[in-house]
Amino acid sequence: MNLTFPVIQDINNYHSTSQRIRILSESWLKNEMYCPACGCDSLLKFPNNSRLADFYCSNCGEIYELKSKGSPIGKSILDGAYYAALERINSSTNPNLFIMHYHDCHVENLTLVPKYFFTPDILKIRKALSPNARRSGYIGSMILYGNIPERGKIAVIESHTELNKNIVMQNYERSARLRVKNINHRGWLMDILTCIEKIPGDNFSLEDMYSFADELALKHSDNHNVTAKIRQQLQFLRDKGFIKFTGRGKYTKINN
Ligand SMILES: [Zn+2]
């Protein structure tokens, strides 16, 4: 994998930096990236401004979107129009998301967030643009990257080094076990995963999890039995091989 953006003739005809970066980073992904879902050697580009996504795999049909940033990814990343983005998260055609950090036309980091990790919670609405702005009234959004569970951030390139393709594919396959179609159920699962990740070390108890009950009740005000919901989600994570029940209300995280 070549980690440098391709040379594109006429790139300087594009006046806006964001447009140039979009073309360079998308060309890079199309030339260099394989499909993490099935291993197919390349991804294909949808026509520009496709409502669905940026890329697709002709072998397995997975769809992907790419967002790039010229600085480390940090806690949030700019996304498109809020209501369209929200509708997409709630739809069955929500794409997987590649997030790229580039520097001087080199790919420094590339992370894949599988579609199952997106919930309305991680999308933040931005203030509508002022009446004087060129796109007056436009309401944008931010992806709260920091709120996505670590399990949902699959490294493909880290510190300018490509990770082994088989490991990337294994991690993707593993995360796909957390696939939950119902967006409300998915919200619960992501919240419970986040709580588990907040507990330091590999071992935790049901009591540790109950300490998040108030916080979870605030987020899910329609649910009146939060502790039962916590136990149900722990059972799901145990069945999917993400945690192990070691008896008497004690659990161990399974990290790989
Ligand atoms: Zn594929």
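Residues numbered from 1 in each chain as written. Predicted model: local features only at pLDDT ≥ 70, side-chain atom pairs only at ≥ 80, totals over all residues.

> Mind showing me how you'd approach the overall build of the protein chain here?
From N to C terminus, the protein chain includes seven helices and 13 strands. Against the globule reference of 18 Å for 256 residues, the protein chain gives a C-alpha radius of gyration of 20 Å, in line with a compact fold. Based on the C-alpha atoms only, the size of the protein chain along its principal axes is roughly 65 × 50 × 30 Å. Out of the 256 residues in the protein chain, the part that is buried amounts to 29%. Taking all contacts inside the protein chain whose residues are at least 6 apart in sequence as the whole, residues at least 24 apart take part in 55%. (Helix = DSSP H or I, 4+ residues; strand = E, 2+ residues; numbered from the N terminus. Rg over C-alpha atoms; globule rule 2.2 N^0.38 Å. Buried ≥ 20, exposed ≤ 12 C-beta atoms within 10 Å, placed from the backbone. Contact = placed C-beta atoms within 7 Å.)

> Looking at this structure, I do not really get the environment of Lys-124. What am I missing?
Turning to its location among the elements, Lys-124 is positioned in strand β7 (residues 123-125). A C-alpha to C-alpha distance of 18 Å links Lys-124 and Thr-194, two positions 70 residues apart in sequence. The residues touching Lys-124, leaving out its near neighbours within four places in the chain, are Ser-141, Met-142 and Leu-144.

Bear in mind that shape data such as this cannot, by itself, settle questions of function.
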